[in-house]
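# Observations on the three-dimensional arrangement
In case you want the letters, here they are:
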Amino acid sequence: MVAKIKVATAWLDACAGCHMSFLDLDEVLIDLANVIELTATPITDIKEFLPVDVGIIEGAVGNAHDEEVAKNLRANCKILMVWGDCACFGGIVSMRNLFSTEEVLQRYYNTESTKDGKIPCSEDIPPLTTVKPINQVVKVDCYVPGCPPSPEAIHYALTELLEGRIPVLPSEIMRFD
Ligand code: SF4
């Protein structure tokens, strides 16, 4: 029996839409499950990264914890793929770079519809940093842009990797929403 390709994924500063697009592959996931093994990922809720063939990141780096996760996954994978505009370019998350951290937190927690809103403060909450795409923190081997990338684009990229090729997405399967 041929060993399955081990895949781990991370969800950083993002909306989870890219992972949802992966799950939108529906019955194709059953075929994929015959050739890949999902290890640490929000889907399995396993959080410790062990060495894998392919690491995948959704979302940008927006705080020190995100940066730690990106570096940890990079150190534990042979090929790192990024899903979605947030991970590829900073995306919609990077809009907060236009404002100070104080302005952003006030907008999160003290809005027109909030009564006595307070900004949470705990050493367990990593402070926000400037939003960065993944390739400003670690080396990225392949990109699947889109917001979110279509399930077809994600499937194409995974299939190319399974065939031993670094995927270069044809323009007709990229989505620019
Ligand atoms: S690229 Fe779009 S769908 Fe993916 S995490 Fe960012 S905002 Fe969400």
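This write-up is about the structure you can find in this document. What you are looking at is a predicted structure, and each value in this text was computed from that prediction instead of being measured. Each chain carries its own residue numbering, running from 1 in the written order of its sequence. At least 70 in pLDDT is required for a residue's local features to be given in this predicted model, at least 80 for side-chain atom pairs to be given and counted, and no such filter applies to totals for whole chains, interfaces and linings, which use all residues. Excluding hydrogens and water, the side-chain figures rest on all heavy atoms present in the structure.

### Focus on the site of the ligand
To be explicit about the condition: We call a residue near a given molecule or strand whenever any one of its heavy atoms falls within 4 Å of it. Strands here mean DSSP runs of E at least two residues long; helices mean DSSP runs of H or I at least four residues long; both are numbered from the N terminus.
Near the ligand, the surroundings consist of Ala-14, Cys-15, Gly-17, Cys-18, Glu-58, Gly-84, Asp-85, Cys-86, Ile-92, Gly-146, Cys-147 and Pro-148. Mapped onto the shell around the ligand, the elements with two or more residues apiece are α1 (17-23) and α4 (84-89).

### Brief notes about helix α6 (residues 151-162)
To keep it simple, the criterion reads: Here the expected span of a helix is defined as 1.5 Å times the quantity of residues minus one. Buried means the residue's accessible area, taken with a 1.4 Å probe over protein chains only, is under 20% of the maximum for its type, while exposed means over 50%, and partly exposed covers the values in between. When checking whether two residues touch, look at their non-hydrogen atoms; a contact exists if any pair is within 4.5 Å.
Compared with the 16 Å implied by 1.5 Å per residue over twelve residues, the 16 Å span of α6 between its first and last C-alpha is a close match. Those residues of α6 not exposed but buried are Pro-151, Ala-153, Ile-154, Ala-157, Leu-158, Glu-160 and Leu-161. Taken together, the buried residues of α6 touch α1, α2 (28-32), β3 (52-58), β5 (77-83) and β7 (142-144).

### Some points on the packing of aromatic side chains
Which entries qualify depends on this criterion: Here a pair means two rings of Phe, Tyr or Trp (six-membered ring of Trp) with centres within 6.5 Å. Their orientation is stacked below 30 degrees between planes, edge-to-face above 60, and tilted elsewhere.
Taken as a whole and assessed by the stated rule, the structure comprises two aromatic pairs. Ring centres of Tyr-108 and Tyr-109 lie 5.9 Å apart, and the angle between their planes is 85°; on these two criteria the pair is classed as edge-to-face. Residue classification places Tyr-108 among the partly exposed residues on the basis of a relative accessible area of 48%.

### Considering the sheet that holds strand β2 (residues 36-38)
Note the threshold: When DSSP locates at least two bridges between a pair of strands, those strands are taken to pair. Only the stretch in contact is used when fitting a helix axis, every axis being a line fitted to C-alpha atoms; angles between N-to-C directions are given from 0 to 180 degrees.
In space, the five strands of this open sheet follow the order β2-β1-β3-β5-β7, with parallel pairing throughout. Strands at the two margins of the open sheet, each flanked by one partner only, are β2 and β7. Adjacent strand axes in the sheet meet at a mean angle of 25° when their direction is disregarded. The pairing of β3 with β5 spans six bridges and is classified as parallel. The residue of β5 that forms the bridge with Ile-57 is Val-82. Relative to the sheet, helix α3 (residues 64-75) contacts β1 (5-11), β3 and β5, its axis offset from that of β5 by approximately 135°. This element, α6, spans β1, β2, β3, β5 and β7 of the sheet and lies at about 165° to β5.

By themselves, these are just geometric observations and shouldn't be taken as functional.
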